[in-house]
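The chain contents come next:
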Amino acid sequence: MNSWVRSRRSEHSLGAEREHFDKQQLSSISKAINSTETPVKEKHARRIILGTHREKGAYTFWSYALGFPLASSSVLSWKFCHVLHKVLRDGHRNVLQDCMRHHSSLVEVGKMWAHLHDKYGQLVGIYTKLLCTKMQFHSKHNTIPPNLEISDEHLERTAGTDINNVFQLTVEVFDYMDSELRLAETVIRQLNTSIAISSLTSGQCRLSPLVQVILDCSQLYHFTVKLLFKLHACLPADTLQGHRDRFHDQFHSLKSFFNKARDMMYFKRLIQIPRLPDSPPNFLHAASLAKHQKLVVVIPDQDEAPEDDDDDPEPLIDVASSPAPVQAQQPSVDIFDQAFGPPNGAFDDRDLQIDNLKRELEQLRAELERVKSEAQRYINQLKSQINNLEAELEEQRAQKQRALLEKEQLQMELEALRRRNADHEGLQFSYMEAEKRAQASEQRYNMMKDKHTELVASHAELLRKSADTTKMLSATQLTQEEVERTKQQLSFEIDRIRQEADMRMEEQKFEMDKMRRELEEKRNEMMRIKASQQNTEQASLQMNSSMSSLQAEKERLMRSVSEKEAELSSLKQSAQLQQSSLQQEKDRSSRELGELQSKLQEKSSQEEQLKQKLLEEQFALLQGTVTEAENIIQDAVAKIDDPLHIRCTSSPDYLISRAEAALGSVDSLKKGHADYIRNMSDAGGLLRALTQFSHLASDTIVNGSATAHMAPTDHADRLTENCRSCAAESLQYLKDLKTKLTLQRADPASVRVIIQKILHLGQELRPKGMDVRQDELGDMVDKEMASTSAAIEEAVRRIDEMMNQARKDTSGVKLEVNERILNSCTDLMKAIRLLVIASTDLQKEIVEGGRGAASIKEFYARNSRWTEGLISAAKAVGWGATEMVESADKVVLHTGKYEELIVCSHEIAASTAQLVAASKVKADRNSKRLTSLQQASRFVNEMAAKVVGSTKTGQENLEEKDVMDFSGMSLIKLRKEEMESQVKVLELESQLENERLRLGELRKKHYDIAGVPPEQMAEGNGVSPQNSPRPSRPSVMRKPALAQKPSVPPKSMFR
């Protein structure tokens, strides 16, 4: 029963505590994030952050924050982003995971406000991008906390030793810094930096998130400087030029932001902004890292006056004592006692309260003692820190003296750099002038091309108008023919009508004659009837009626005759009118025909003028292009005698590629010239060919001269002379193209001959491969790999023999030194053997994957340059192993030098690197055997370093250092000894400089004869290969000295 009551009490107290916590969190979040244009109060943000530590996450924060209408108010979204930024920086470590769950919602809010024309909306869009970048960065690099406060050692461990990871981390830090600076610049651009604006609540609402930005930027700047110095220690300076430019831009932006923020009254009471140095660090000088100081941002303690009386105080959790659970159980105890009374009648409420108060008093006393001891411990720590700081101050003073010396050296280097920069600017100015001339030529060419297009279009329009005129003329001729046909038809119709009228008249006359004859007959008959039958009245009446009818018929015939005559006259009039209109139409057509013929003649003359103008403009464009081509070739000739060009070198392979391209351009030039001769209105093909030819011929001349600087004397003289001849023949050909008289007979055949000579000389200077048939390369690779393995096995055996002999002949320190050196050599030989096995396996995989249906020998023959690289690398490894054994034997017998063993170790590391590079060229990046080969290569490098270390340690142990005692010398004797020592130092420095120059020349000569087999090297030196006491050193590419710039063979030798 008692346990059940206690559990109910604990559940009740936990529920009440959780409800109180949720109420306070809701109150703080609603007061911190609202649509009022005022800055977020620090106490509300602090309570939200304490809540994340209490519940070990941001679940409560996001549960309330998701209910805000972020899409309706830009000020609300702005203050939400500010609070979220503070929670990410200062909240519990699990806050980042909870925030990543709502990453997509944050992105959508930012996109929505970024598309709206609202000042706060633009700021919200940029702020959400910053928060997303921050969450993604810390999720990827979870060892870096969101507040970016880690030590330099922690940063070194996070970056790792892989330079690719360091490079990628640097780029991500740059992106992080860009997001921070973009937000700061946008806020400051929207606000006036005067005191009045920064003191208003609207201005402070926008400026308040920049405190978090300043804290982030100070740490990110320190990260960037550390990572860039680490990159410059491992990579060339040219590779990191883009990183330096980007850092300089961010440095100036950050410095401007800090200066503007430092001048604002709002930030002066909130934060102490550090000052950046006047100039960015010099990453090219490693000593500049010592001058770098980490930016320290100080936030002073502020006593914030209580402004909201309704805010409940936040109960702080004390993990050292537990009075809170006792107090939380007090209401439950009271309720239980009220319901059931005090247990056994022993205690009442006052006794329980007295006991609780006594316990609290004891706890407070213990807490007071703990606080006192903690304060005393802090005082002791501060004293020790003061002592450490004083020691550091002394060290800083010493470093200041050293820095002054370095400053003087850097000033001298700066003067030298300025002189080199001045020379570089002169070269850059000449390059820009040439670029401007090329652009002007290109513009003139484009203008002429547009003009040519317009003329072609005008010509086509004239042709269309001419065709229309021809059609109109043909239509006019057809109209005239139709008029003639109409006239003929009308005349024929008139003749027909006349004939019909004549026929009708004849018929009417015939009828009249007939009627007259009939009338005469009737009259005669009447006379006979009158004479014979005068008494018959009926006959007389009939006669009268017939007479009247005949009279009427006569009148009708007369009327019809008059109608036909009127119709005939009207037809004559219409025929005359039509004939007059046809005559007018004919006259008008003849006038229009004459006008069209005159216009056609005018257009033809204009077309002829335009054609002539087009030919002149095309020829002028050709002359301009020829002039530019002459300038390009003359510039190339001038570089041959330029003293600055003497230091430039080039490889024969690159010269061959340029010469072959120049020969191709000569063919294009000849074709373009022939096309221009056939159609002189279109010079486009010739212009393009001329441009290409001039640049390629210039490249051939310049690279030929550069190749001659590294060639033997005979070849160098011939190559230089051919380059000058190429320039002279090219200029002569261009001169022939500039005049119309010599344009027809211009021929680039002589230029082709000279370029072919340059090509042959380049092929002669090309490094010769081994005199092995391509079908024997496959067998050669297997033999070299087998011989390399055999050489390594022999080296291991000899080292074991030397180990046994050393144990017999030596003892003590010498035996320990010899055993250490020979053991390290044995480990190195085993590592090389593993490397050769891995290389052989990878080589088999490459051959099986790339040969297809071809045989293995055909694959090696098809990739002969790559195969020769493998052979050379295998020989180098075997030779290095042999040299290592001989040097170790001499060191053990005390007849050799320790330096020889160190140099052999370096040579073996370089040879294994060449073998790895040769095998890696054609390998698949995802191949497991390639990974094994790279691991074996790293193991070889580690073992070689171990050999070097053991050798140096043994040398230090065995060398006996003389004790320098100058107590018995006088002042004059000491000065004399000092002068002699200085003379010896100068002599040794001179010998060192001469030896370095000799090493550089040896490396130059090595690059010249790279790829030549040992027999040819021996024959060239006058030594028979049979008399050579040891195996000849294979041709291995070496890293040149920094002061030299030799011609390196192309990488295609491994392909």
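Scoring rules and cut-offs
Residues numbered from 1 in each chain as written. Predicted model: local features only at pLDDT ≥ 70, side-chain atom pairs only at ≥ 80, totals over all residues. Heavy atoms only, no water. Helix = DSSP H or I, 4+ residues; strand = E, 2+ residues; numbered from the N terminus. Buried < 20%, exposed > 50% of the residue type's maximum accessible area, 1.4 Å probe, protein only. Contact = heavy atoms within 4.5 Å. Areas by Shrake-Rupley, 256 points an atom, 1.4 Å probe, with all protein chains shown as cover. pLDDT = per-residue confidence, 0-100. Salt bridge = Lys/Arg side-chain N within 4 Å of Asp/Glu carboxyl O. Axes fitted to C-alpha atoms, helices over the stretch in contact; angles between N-to-C directions. Parallel < 35°, antiparallel > 145°, perpendicular 65-115°, else oblique. Left-handed = near helix turned anticlockwise from the far one by under 90°. Nonpolar A, V, L, I, M, F, W, Y, C, P; charged D, E, K, R; others polar. Patch = residues over 30% accessible without salt bridge, like charges linked within 9 Å, V, L, I, M, F, W, Y side chains within 5 Å. Lys, Arg positive; Asp, Glu negative; His and termini not counted. Charge placed at Lys NZ, Arg CZ, Asp CG, Glu CD. Phe/Tyr/Trp six-rings, centres within 6.5 Å; stacked < 30°, edge-to-face > 60°. Lys NZ or Arg CZ within 6 Å of the ring centre and 35° of its normal. Core = buried A, V, L, I, M, F, W, Y, C linked by side-chain atoms within 4.5 Å. Disulfide = S-S within 2.5 Å. Polar contact = N/O pair within 3.5 Å; in protein donor to acceptor, adjacent residues only side chain to side chain. Expected span 1.5 Å × (residues − 1). Arc of directions from axis to C-beta.

What the chain contains, in helices and strands, is 30 helices and zero strands. By the burial criterion, 35% of the 1055 residues in the chain qualify as buried. Contacts in the chain between residues far apart in sequence, at least 24 positions, make up 81% of those at least 6 positions apart. Accessible surface for the chain amounts to roughly 63,700 Å². Of this, 53% is attributable to carbon and sulfur atoms.

Model confidence for the chain is summarised by a mean pLDDT of 77, while 82% of its residues fall at 70 or above. Scored below 50 in pLDDT, residues 303-347 makes 53 contacts in the model with residues more than four places away or belonging to other chains. Here residues 1011-1055 is modelled with pLDDT under 50, and outside its nearest four sequence neighbours on either side it reaches 80 contacts, counting other chains as well.

Tallied over the entire structure, the rule returns 27 salt bridges. The salt bridge partner of Asp-216 is Arg-89, with a shortest N-O separation of 2.4 Å. Of this pair, Asp-216 sits in helix H12 (residues 210-234) while Arg-89 sits in helix H4 (residues 74-90), placing them 127 residues apart in sequence. On the accessibility criterion, Arg-89 (5% relative accessible area) is buried.

What follows is about the packing of helix H20 (residues 713-737) against helix H22 (residues 749-765). Here H20 crosses H22 at 160 degrees, and the two axes come no closer than 9 Å. Between H20 and H22, the angle falls in the class roughly antiparallel. Here H20 and H22 pass one another in a crossing that is left-handed. Between H20 and H22, the residues in contact are His-715, Arg-718, Leu-719, Asn-722, Cys-723, Ser-725, Cys-726, Glu-729, Ser-730 and Tyr-733 and Ser-750, Val-751, Ile-754, Ile-755, Lys-757, Ile-758, Leu-761, Glu-764 and Leu-765, respectively. When the residues that make up the contact of H20 with H22 are grouped by side-chain class, the tally is ten nonpolar, five polar and four charged.

A surface patch of like charges, here negative, comprises Glu-507, Glu-511, Glu-518 and Glu-521. Here Glu-518 shows up in helix H16 (residues 349-532).

Along the polypeptide, Ser-839 turns up in helix H24 (residues 812-850). A relative accessible area of 0% places Ser-839 in the buried class. Those residues within four positions of Ser-839 in sequence are excluded, and the remaining contacts are Met-785, Leu-915, Ser-919 and Leu-933.

Together, Leu-834, Ile-837 and Phe-939 give the surface a local cluster of nonpolar side chains, amounting to about 260 Å² of exposed area. Mapping Leu-834 onto the fold places it in helix H24.

Here we take up unusual backbone geometry. Phi at Lys-56 is positive, roughly 60 degrees, even though this residue is not glycine. Structurally, Lys-56 is set in the loop between helix H2 (42-55) and helix H3 (59-65). Despite not being glycine, Leu-148 shows a phi value in the positive range, around 65 degrees. Within the fold, Leu-148 resides in the loop between helix H7 (119-140) and helix H8 (152-159). Among the residues examined, Leu-148 registers a relative accessible area of 0% and is labelled buried.

Turning our eyes to something else, we now look at the environment of His-248. Considering the arrangement of structural elements, one finds His-248 in helix H13 (residues 241-262). With 32 residues separating them along the chain, His-248 and Pro-280 place their C-alpha atoms 6.8 Å apart.

Summed over all chains, the structure comprises 13 aromatic pairs. Aromatic pair Trp-78 and Tyr-127: ring centres 5.2 Å apart, planes at 55 degrees, arrangement tilted. Note that Trp-78 is positioned in helix H4 and Tyr-127 in helix H7, a separation of 49 residues in sequence. You can call Trp-78 buried: its relative accessible area is 1%. In this structure an aromatic cluster arises from ring pairing among Tyr-221, Phe-229, Phe-247, Phe-251 and Phe-283. Across the ring face of Tyr-120, the terminal group of Arg-206 is positioned such that the distance to the ring centre comes to 4.6 Å. Lying over the aromatic face of Phe-619, Lys-740 brings its terminal NZ or CZ to 5.2 Å of the ring centre.

It is worth spelling out the nonpolar core at this point. Among the nonpolar cores identified, the biggest contains 87 residues, and Phe-61, Phe-80, Phe-257 and Phe-267 are the most heavily contacted of them. Excluding residues within four positions of it along the chain, Phe-257 makes contact with Ala-184, Ile-188, Leu-210, Val-213 and Ile-214. In this structure, Leu-621, Leu-622, Leu-696 and Ala-727 belong to the second largest nonpolar core, which totals 47 residues.

Taken as a whole and assessed by the stated rule, the structure comprises zero disulfides. Free of any disulfide, Cys-904 has its nearest neighbouring cysteine sulfur in Cys-825, separated by 9.2 Å.

With that out of the way, let us pick up the packing of helix H18 (residues 652-678) against H22. Remark: H18 packs on H22, axes separated minimally by 9 Å, with the N-to-C direction vectors making an angle of 160 degrees. Between H18 and H22, the angle is such that the two are roughly antiparallel. Judged by the twist between their axes, the crossing of H18 over H22 is left-handed. In contact with Pro-652, Leu-655, Ile-656, Ala-659, Glu-660, Ala-662, Leu-663, Val-666 and Asp-667 of H18, H22 contributes Arg-752, Ile-755, Gln-756, Ile-758, Leu-759, Gly-762, Gln-763 and Leu-765. Per-class residue counts for the contact of H18 with H22 are eleven nonpolar, three polar and three charged.

Now for the environment of Val-817. Within the secondary structure layout, Val-817 lies in helix H24. Placed 140 residues apart in sequence, Val-817 and Asn-957 show a C-alpha to C-alpha distance of 8.0 Å.

In this structure, Thr-186 sits in helix H9 (residues 163-190). Within the structure, the side chain of Thr-186 is placed 2.7 Å from the backbone oxygen of Arg-182, a separation counted as a polar contact. If sequence neighbours within four positions are ignored, Thr-186 has contacts with Leu-123 and Ile-126.

Take the side chain of Thr-700 next. If you trace the backbone, Thr-700 turns up in helix H19 (residues 684-708). Separated by 3.3 Å, the side chain of Thr-700 and the backbone oxygen of Arg-658 make a polar contact. For Thr-700, the contacting residues outside a window of four places in its chain are Leu-655, Arg-658, Ala-659, Ala-662, Cys-723 and Ile-758.

On to helix H6 (residues 103-114). Helix length check: H6 (twelve residues) gives 17 Å between terminal C-alpha atoms against 16 Å at 1.5 Å per residue, within 8%. Within the span of H6, buried status applies to His-103, Leu-106, Val-109, Gly-110 and Trp-113. Relative to the axis of H6, the buried residues are bounded by an arc of 125 degrees and lie together on one face. Seen from the open side of H6, the exposed residues pointing more than 90 degrees away from its buried face are Glu-108 and Lys-111.

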